[in-house]
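# Tertiary structure, described
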Amino acid sequence: MGPGAVQAAIVVLAVLSIALSAWAIRQDVPLVWDWAAPPRFETGGAPLFETVLDYTAPAGEAHSPAIILRDDGFSILWFEGSQEAQADVDIVGVDIGAEGISPVMPRVTRGGLADVFEPRQLVVTLGNTVQNDAAEGSIFATVVSIGGWAMASVADVRTGPDGLVSARKLNLSPLLNRSFLVKSPMVGYADGSHALPVYFEMGQTYGGLVRLNARGRVRDMRRIDGPMKPIQPMIVPLDARRAVAFLRDFESGSDRLLISRSDDGGQTWESARETQVPNPSAPVAALALGGDRILMAVNDDATDSRVLSLTISEDGGESWRLLHRLEAGGGDARYPMMRALPDGRIVLAYSAGSKTGIRAHVFNLAWALDG
């Protein structure tokens, strides 16, 4: 091929690339930056509180529960093995519904996940998991193929009636795409789309909000940063524009919960700052109750992570009132996960006994406010 033909081929390819880019841009629907309306909770009726799961691992650790909502109930998943970040950790879980509770069974194994990865890859260990609210039968899992948590990635894992179907890593960074993890539930937007809270744990740690398209591909990511080391954002929309994020300070000497606010649907976030809530560098779980009311499960003793409390804010997260002490001894009680059921009941799960077991309760707002 002569020089002229080569130049012509380059021009054709350049024009084709521009045309394809223009077509993709025209097909791409602009993002809507209005939060979905928070659910409304009924405050009447008789108080209800029930412990539905009190599990202790036969050996090793059981940690970081996820709550998976289903039409016929819910599931609780967690990672279990000799110790977190080790090469024998898998995701196990139970189903809870009208007919009771199922046995604890493996749900995502390292080998099974490696077999369905696209492209196929080694899975060394597994970590925090959350439900993919945008795709039935799907979860986002923290996956490590090499190293420890600092080399983790977030995997979009699809399941079917017979088990795992496919898995692929979210493209969150052009540089190795490592050190991203998940902890908190997704948040919804008014157009029916969803966003996934994530955090980056290597070096300059920060939280993030990832916007996904209908096929689960990353469209946008916004940082939740600050002078401290804010990670594991728990994002609570208050209305169409306002939201608050509660974050754990990754500094080992931290003694306060962090907060950041957005007034534009999550496009920008104020610099994370300390709240007045004591916290031993531990994540929280929270639910919007309507207006500026927020229900939060939090380790609110900076020196004792055995204390786990249920608290409420009436002013969008600036001040808090204690409702119930959920745990006050018997080992660390950390990593709460809290989600609302369609009938208005609330499920709360957390790691108990210093990461040796999982405890879960179902309660209603009448009980919560009767503190």
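Here's a quick rundown of the structure. (Residues numbered from 1 in each chain as written. Predicted model: local features only at pLDDT ≥ 70, side-chain atom pairs only at ≥ 80, totals over all residues. Heavy atoms only, no water.)

### So, the overall build of the protein
- For the protein, the count of helices and strands is three helices and 26 strands.
- Compactness check: the protein gives a C-alpha radius of gyration of 22 Å against a globular reference of 21 Å for 371 residues, within 12% of the reference.
- Projected onto its principal axes, the C-alpha coordinates of the protein cover approximately 80 × 45 × 40 Å.
- Counting contacts in the protein only where the partners sit at least 6 residues apart, residues at least 24 apart contribute 48% of the total.
- Surface accessibility of the protein: about 16,200 Å² in total, with carbon and sulfur atoms responsible for 54%.
- Separation of charge centres in the protein, based on 33 positive and 43 negative side chains, amounts to 5 Å. (Helix = DSSP H or I, 4+ residues; strand = E, 2+ residues; numbered from the N terminus. Rg over C-alpha atoms; globule rule 2.2 N^0.38 Å. Contact = heavy atoms within 4.5 Å. Areas by Shrake-Rupley, 256 points an atom, 1.4 Å probe, with all protein chains shown as cover. Lys, Arg positive; Asp, Glu negative; His and termini not counted. Charge placed at Lys NZ, Arg CZ, Asp CG, Glu CD.)

### Overview of the sheet that holds strand S10 (residues 163-169)
- The antiparallel open sheet is built from four strands, whose spatial order is S7-S8-S9-S10. Of all strands in the sheet, those bounded by a partner on one side alone are strand S7 (125-131) and S10. Between one strand and the next, the sheet's axes are offset by a mean angle of 30 degrees, whatever the strand orientation.
- Across seven bridges, strand S8 (residues 138-144) lies against strand S9 (residues 152-160) in antiparallel orientation. When the bridges of S9 are listed, Phe-140 appears paired with Asp-156. (Pairing = 2+ DSSP bridges. Axes fitted to C-alpha atoms, helices over the stretch in contact; angles between N-to-C directions.)

### Re the side chain of Asp-220
- Within the fold, Asp-220 resides in strand S15 (residues 218-224).
- Asp-220 sits in the buried class, given a relative accessible area of 17%.
- A polar contact is formed between the side chain of Asp-220 and the side chain of Arg-222, at a distance of 2.6 Å.
- Look past the residues within four positions of Asp-220 in its chain and what remains in contact with it is Leu-31, Trp-33, Leu-209, Val-210 and Arg-211. (Buried < 20%, exposed > 50% of the residue type's maximum accessible area, 1.4 Å probe, protein only. Polar contact = N/O pair within 3.5 Å; in protein donor to acceptor, adjacent residues only side chain to side chain.)

### Overview of the pairing of strand S25 (residues 346-352)
- Counting buried residues along S25, seven of its seven residues qualify, which places the element largely inside the surrounding structure.
- Looking at chain direction, strand S24 (residues 334-340) and S25 are connected through five bridges and run antiparallel. Counted as the bridge partner of Met-337 is Ala-349 from S25.
- Counting the residues between successive antiparallel strands, the hairpin from S24 to S25 contains five residues, one of them, Gly-344, with a positive phi of roughly 95 degrees.
- Here S25 runs beside strand S26 (residues 357-363); their pairing, made up of seven bridges, is antiparallel. Counted as the bridge partner of Ser-351 is Ile-358 from S26.
- Two successive antiparallel strands, S25 and S26, enclose a turn made up of four residues, where Gly-353 displays a positive phi of approximately 60 degrees.

### Examining the environment of Arg-211
- For Arg-211, the location among the structural elements is in strand S14 (residues 206-212).
- On the basis of relative accessible area, Arg-211 is assigned to the buried category, the value being 1%.
- Separated by 24 residues in sequence, Arg-211 and Val-187 have C-alpha atoms that sit 9.7 Å apart.
- In contact with Arg-211, other than residues within four places in its own chain, are Leu-31, Val-32, Trp-33, Tyr-189, Asp-191, Ser-193, His-194, Ala-195, Arg-217, Val-218, Arg-219 and Asp-220.
- At 3.0 Å, the side chain of Arg-211 and the backbone oxygen of Val-32 are in polar contact.

### Some words on the side chain of Arg-261
- In this structure, Arg-261 sits in strand S18 (residues 256-262).
- What makes Arg-261 buried here is its relative accessible area of 19%.
- Among the polar contacts listed, one links the side chain of Arg-261 to the backbone oxygen of Gly-316, at a separation of 2.7 Å.
- If we ignore the near neighbours within four places in the chain, the residues touching Arg-261 are Leu-238, Ala-243, Val-244, Thr-268, Trp-269, Glu-270, Arg-273, Asp-315, Gly-316, Gly-317 and Glu-318.

### Brief notes about the sheet that holds S25
- Taken in spatial order, the four strands make up an open sheet running S1-S26-S25-S24, and their pairing is antiparallel. Either end of the sheet is taken by a strand with one partner, and the two such strands are strand S1 (49-56) and S24. Each neighbouring strand pair of the sheet contributes to a mean axis angle of 15 degrees, computed without reference to strand direction.
- As paired strands, S1 and S26 are joined by seven bridges and run antiparallel to one another. Within S26, the residue paired with Asp-54 across the bridge is Arg-359.

Everything listed is a geometric property; what it means functionally is a separate question.
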